[in-house]
Amino acid sequence: RSSKKFLRAVVAVWGMSGVFLLLPAGGIATGRSNAQVIHVTIDVKPGDEPTTIEPKREGMIPIAILTTREFNATRVDGATVRAGATGTEAAVFRSASEDIDRDGDTDMLLLFRVQQMGLECSDTSVSLKGRTRDGQEIEGAEAVKMEGCA
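Criteria and cut-off values
Residues numbered from 1 in each chain as written. Predicted model: local features only at pLDDT ≥ 70, side-chain atom pairs only at ≥ 80, totals over all residues. Heavy atoms only, no water. Pairing = 2+ DSSP bridges. Helix = DSSP H or I, 4+ residues; strand = E, 2+ residues; numbered from the N terminus. Axes fitted to C-alpha atoms, helices over the stretch in contact; angles between N-to-C directions. Disulfide = S-S within 2.5 Å. Buried < 20%, exposed > 50% of the residue type's maximum accessible area, 1.4 Å probe, protein only. pLDDT = per-residue confidence, 0-100. Contact = heavy atoms within 4.5 Å. Salt bridge = Lys/Arg side-chain N within 4 Å of Asp/Glu carboxyl O.

### Some thoughts on the sheet that holds strand S7 (residues 60–66)
The sheet built from 4 strands is open, its strands ordered S5-S7-S11-S10 with antiparallel pairing. The sheet terminates laterally at strand S5 (41–44) and strand S10 (94–98), the two strands that pair on one side only. Going from strand to strand, the sheet's axes swing by 25° on average, the running direction of each strand aside. Sheet analysis places S10 next to strand S11 (residues 107–113), joined by 5 bridges and oriented antiparallel. Opposite glutamate 98, over in S11, you have aspartate 107 as the bridge partner.

What follows is the structure, encoded as structure tokens:
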């Protein structure tokens, strides 16, 4: 008897953003989040104005995800973050939490290998994508100037 109620309550619905399973008592489970992407403020090479990158060189590029009134950077799961031309290329090499912009809150500083970022001399920005520890997608971008391309 209770199994019939359960079967009536579980319905699979195919949606544009994934498969949704309607569960008993009105719960919803999804394979993908359909919530909005959080746009985060990033600072590529903090302190470098204007931000310049030599895409052909070896080494690391620091990128800070800044805490703002709208977003706490310490929520970011560093293991999910990628950065580069599209924000899907290089994984984090190392990370640290510190007050990068000296405004009294904790930001996240991430190091990426330049050669893994997929940057070309014609690129005009660096993008970053990842997720918070609770699975919310984040993304940010900053304009950059490429050097050492001649």
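### Topic: the state of the cysteines
One pass over the full model with this rule turns up 1 disulfide. Here cysteine 121 is linked by a disulfide to cysteine 149, with a sulfur-sulfur distance of 2.2 Å. A torsion of -95° about the S-S bond marks the disulfide between cysteine 121 and cysteine 149 as left-handed. Of the two residues, cysteine 121 is situated in the loop between S11 and strand S12 (125–132) and cysteine 149 in the segment after strand S14 (145–146); the sequence distance between them amounts to 28 residues. On the basis of relative accessible area, cysteine 121 is assigned to the partly exposed category, the value being 32%. Since its relative accessible area comes to 26%, cysteine 149 is described here as partly exposed.

### A few points about the sheet that holds strand S8 (residues 76–84)
Judged by pairing direction, the sheet is mixed, and its 5 strands sit side by side in the order S4-S13-S12-S8-S9 without closing on themselves. Here the strands that pair on one side only, and so sit at the sheet edges, are strand S4 (38–39) and strand S9 (90–91). As paired strands, S4 and strand S13 (residues 137–143) are joined by 2 bridges and run parallel to one another. Each bridged residue has a counterpart across the sheet, and for histidine 39 the counterpart in S13 is glutamate 139.

### Section: the confidence of the model for the chain
Regions with low pLDDT carry predicted coordinates that are not meant to be interpreted in detail. When the pLDDT values of the chain are averaged, the result is 83; 77% of them are 70 or greater. Mean pLDDT across the secondary structure elements of the chain bottoms out at strand S1 (residues 11–15), with 35, and peaks at S11, with 98. Predicted confidence for residues 1–31 stays below pLDDT 50, and this span has 33 contacts to residues more than four positions away or in other chains.

### Examining the pattern of salt bridges
The tally for this structure, following the rule as stated, stands at 2 salt bridges. Here aspartate 48 makes a salt bridge to lysine 45, at a shortest N to O gap of 3.3 Å. The partner of arginine 75 in a salt bridge is aspartate 134, with the nearest N and O atoms 3.8 Å apart. In this pair, arginine 75 is assigned in the loop between S7 and S8 and aspartate 134 in the loop between S12 and S13, connecting sequence segments 59 residues apart. We classify aspartate 134 as exposed; its relative accessible area is 60%.

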